[in-house]
Amino acid sequence: MSQKVLLNATEVKIALHRLACQLIENHDTFNNTALIGIQPRGVYLAERLKEILEKEYKLKNVQLGYLDITFYRDDFRRGDKTLEANKTSIDFTVEDKNIVFIDDVLYTGRSIRSALTAIQSFGRPLEIELLTLIDRRFSRHLPIQPDYRGRQVDAIGDEKVRVCWREQDGEDAVYLVNS
Amino acid sequence: MSELSVNHLLGIKYISEADIELIFETADHFKEVINRSIKKVPSLRDITIANLFFENSTRTRLSFELAEKRLSADVINFSAASSSLKKGETLIDTVNNILSMKVDMVVMRHPNPGAGVFLAKHINASIINAGDGAHEHPTQALLDCYSIRERLGDVAGKKVVIVGDILHSRVALSNIFALQKLGAEIKVCGPKTLLPKYIGEIGVGVEPDLRAALEWCDVANMLRVQNERMDISYFPTTREYTQQFGVNKKLLDSLNKEIVVMHPGPINRGVEITSDVADSKQSIILDQVQNGVAIRMAVLYLLASKIKHNED
């Protein structure tokens, strides 16, 4: 197994700040906008963006929810393992809001397809955008593209993109792992 | 541990503590789902479930049907009263006929103990026991323990007394197995004629005095007097039963602590418990009913995920 650094801690920091600024360009004061972190790995990115928006750009009360898509996935009973759920917590209404889905890696697009179905259980958002830290190009199974991306990556078949977060993995970094 | 160790839920006896914990964790997520404005998820959309009720049921059947529908499964219902059983068809024939219509899972209630185990050996579908005679009623025990966990934080170390007709009760037996696996202490309380002889051998204490039992416990699970299963007279009169083993508000208030009161339903109001107890804040009877749907969704989801797609 070999791995290559795609983004180091500094580059992750720069990417996060750029993404935060792009969000502000489109959503101004976040009055009618809510961030939704996709469980499990999108949550760290969403929390980090909320922190940057509130601490460094002085936005007040950026709404953040967590959405688990397990029960909406299209590969139920297709794999070897039981799909294990995570917590969903959306304590605001999404009706008529601008929603930004946040996930670490966009690969086949199937998770986002599931998330689009899942969010409907909480109301009818005005519009939904997608933000991902890593966009794996040329690997989509569905016509889904990000509105905001940290870095675009060309990864082939058995290569994996691994995103590490300080809170969980002890460092901020993105690796391309060749197995 | 992310999947069940079994392919059927035939009784609590056959599953492990880890299985129970996994069911509880999954039920936590489904409980959140059923409190949304849209209470339905598409997980089981390609699964067909037959509810076979060879014995009467209201609550369990509604609860299972609701759980199945909230998971988007296709559901067919069967009740013995209007079936060919009356014409002499055997259980295996009846079920095989239903399965030939491409059914993936069977939820069955049957008056004979072991009916689910028998069926699991002979047919190729995932079986959930929704009560087999006086044997087991596993989903009831799971939802009871889940409700205790929800109210008291944990089941381990809690003292639970099961009051009433233990002899005829599948709820009692399944509850005893589940509570023991989760580390609770159990006593039973009731007329001697309604306590099974072997009860001491499975590690359950007997407390003949209701007041002493209630003083001892954290949770009292009040069972229904099952008149329909009593072929002979087990106690002189209902009035006498109520005087000795019925819980009323006065008795509850006179205890030196606040205990939790449970009942699997249907309640004989004024017999096992009075209305003011059933409706008091110490009672978690309606929580049990709500948790029943979440628990059954978890069981269905976890068992369905073991039916592989390519075996269809």
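Rules used in this analysis
- Residues numbered from 1 in each chain as written.
- Chains lettered and ligands numbered in written order.
- Predicted model: local features only at pLDDT ≥ 70, side-chain atom pairs only at ≥ 80, totals over all residues.
- Helix = DSSP H or I, 4+ residues; strand = E, 2+ residues; numbered from the N terminus.
- Rg over C-alpha atoms; globule rule 2.2 N^0.38 Å.
- Buried ≥ 20, exposed ≤ 12 C-beta atoms within 10 Å, placed from the backbone.
- Contact = placed C-beta atoms within 7 Å.
- Nonpolar A, V, L, I, M, F, W, Y, C, P; charged D, E, K, R; others polar.
- Pairing = 2+ DSSP bridges.
- Axes fitted to C-alpha atoms, helices over the stretch in contact; angles between N-to-C directions.
- Core = buried A, V, L, I, M, F, W, Y, C linked by C-beta atoms within 7 Å.
- Domains from an automatic or database assignment.
- Right-handed = clockwise from strand over helix to strand, strands pointing away.
- Arc of directions from axis to C-beta.
- Left-handed = near helix turned anticlockwise from the far one by under 90°.
- Expected span 1.5 Å × (residues − 1).

So, about the overall build of chain B. Of regular secondary structure, chain B possesses 11 helices and nine strands. Here chain B has a C-alpha radius of gyration of 19 Å; the compact-globule value for 312 residues is 20 Å, and the two agree. Dimensions along the principal axes, computed over C-alpha positions, put chain B at roughly 60 × 45 × 35 Å. Looking at chain B residue by residue over its 312 residues, the buried ones come to 45%.

Let us look at the interface of chain A and chain B. The interface of chain A with chain B comprises 17 residues on the first partner and 18 residues on the second. Here the residues of the side of chain A that touches chain B are counted per class, giving six nonpolar, six polar and five charged.

This brings us to the sheet that holds strand β7 (residues 159–164) of chain A. Whether parallel or antiparallel, the strands of a sheet pair through hydrogen bonds between backbone atoms. Residues and elements named next belong to chain A. Pairing is antiparallel in the open sheet, where three strands are placed in the order β1-β8-β7. Whereas interior strands pair on both sides, the edge strands pair on one side only; in this sheet they are β1 (2–7) and β7. Geometrically, the sheet is characterised by an average inter-axis angle of 25 degrees between neighbouring strands, direction not taken into account. Alignment of β7 against strand β8 (residues 173–178), held across six bridges, turns out to be antiparallel. By the bridge assignment, E159 is partnered in β8 with N178.

A cis geometry characterises the amide bond from A:Q39 onward to A:P40, with omega recorded as -5 degrees. Mapped onto the elements of the fold, A:P40 is located in the loop between β2 (33–38) and α2 (42–55). Omega for the bond connecting B:G265 with B:P266 falls within 30 degrees of zero, at -15 degrees, which places this linkage in the cis form. Relative to the helices and strands, B:P266 resides in the loop between β9 (260–262) and α10 (275–278). Phi angles above zero are rare outside glycine, and B:S72 is one such case at about 70 degrees.

This next bit is on the sheet that holds strand β8 (residues 219–222) of chain B. Residues and elements named next belong to chain B. The strand order across the open sheet formed by five strands is β7-β6-β5-β8-β9, and the pairing between neighbours is parallel. Only two strands of the sheet have a single partner each, and these edge strands are β7 (205–206) and β9. Alignment of strand β5 (residues 159–163) against strand β6 (residues 185–189), held across five bridges, turns out to be parallel. Pairing of V163 across the sheet is with C189, part of β6. Helix-sheet contacts for helix α5 (residues 138–152) involve β8 and β9, and the interaxial angle to β9 is about 160 degrees.

Before going further, it helps to examine the nonpolar core. Grouped together as the largest cluster of nonpolar side chains are 137 residues, with contacts concentrated most on A:F101, A:I102, B:I23, B:A220 and B:A298. Counting residues per element, this core draws most heavily on helix α11 (residues 285–304) of chain B, at 11 residues. The residues that make up this core include at least three from each of domain 1 (12–136 + 290–311) and domain 2 (138–289) of chain B. When neighbours within four sequence positions are excluded, A:I102 is seen to be in contact with A:L35, A:I36, A:G37, A:I38, A:G42, A:L45, A:A46, A:L49 and A:L131.

The next subject is the domain arrangement of chain B. Residue and element names in this part refer to chain B. With domains assigned, chain B is organised as domain 1 (12–136 + 290–311) and domain 2 (138–289). Measuring from the centre of the C-alpha atoms in domain 1 to the corresponding centre in domain 2 gives 26 Å. Elements that contribute at least two residues to the side of domain 1 that touches domain 2 include exactly α1 (17–33), β4 (126–132) and α11. Counting residues per element, the side of domain 1 that touches domain 2 draws most heavily on α11, which supplies six residues.

We now examine the environment of B:L119. All names here are of chain B. Of note, L119 is situated in helix α4 (residues 115–122). Taking the C-alpha atoms as reference, L119 lies 9.9 Å from N96; in sequence the two are 23 residues apart. Each residue touching L119, except ones within four places of it in the same chain, is listed here: L91, V95, M108 and I127.

This part covers the pairing of β5(B). All names here are of chain B. With respect to burial, β5 is a largely interior element, four of its five residues being buried. Assessed by its sense of winding, the connection that carries the chain from β5 through helix α6 (residues 170–181) to β6 is right-handed. Pairing geometry for β5 and β8, over four bridges, is parallel. Residue pairing across strands places V160 opposite V219, the latter belonging to β8.

Residues and elements named next belong to chain B. Every buried residue of α4 is listed here: A115, G116, L119 and A120. Seen along its axis, α4 keeps its buried residues to an arc of 130 degrees; they face one direction. The exposed set on the far side of α4, more than 90 degrees from its buried face, consists of K121 and H122. On its buried face, α4 sits against α3 (91–99), β3 (105–110) and β4.

Residues and elements named next belong to chain B. Contact pair α1 / α11: the axes reach a minimum separation of 8 Å and the direction vectors enclose 115 degrees. Judged by the sense of rotation from one axis to the other, the crossing of α1 with α11 is right-handed. Here L22, I23, T26, A27, F30 and K31 of α1 come into contact with α11, specifically with A294, I295, M297, A298, V299, Y301 and L302. Its residues assigned to classes, the contact of α1 with α11 shows 11 nonpolar, one polar and one charged.

All names here are of chain B. Of note, E25 is situated in helix α1. Of the residues examined, E25 has 14 C-beta atoms within 10 Å and is grouped as partly exposed. On a C-alpha basis, the gap between E25 and A298 in space is 8.5 Å, while along the polypeptide they are 273 residues apart.

All names here are of chain A. Compared with an ideal rise of 1.5 Å per residue, which puts 14 residues at 20 Å, α2 spans 20 Å between its outermost C-alpha atoms and is within 8% of the ideal. For α2, every residue scored as buried is listed here: G42, V43, Y44, L45, A46, R48, L49, K50 and L53. Where α2 is buried, its residues touch α1 (9–27), β2, β3 (63–67), β4 (98–106), β5 (127–136) and α4 (166–169).

A few words now on the environment of B:S79. Its place among the elements puts B:S79 in strand β2 (residues 74–79). Between the alpha carbons of B:S79 and B:R109 there is a distance of 9.6 Å; along the sequence they are 30 residues apart.

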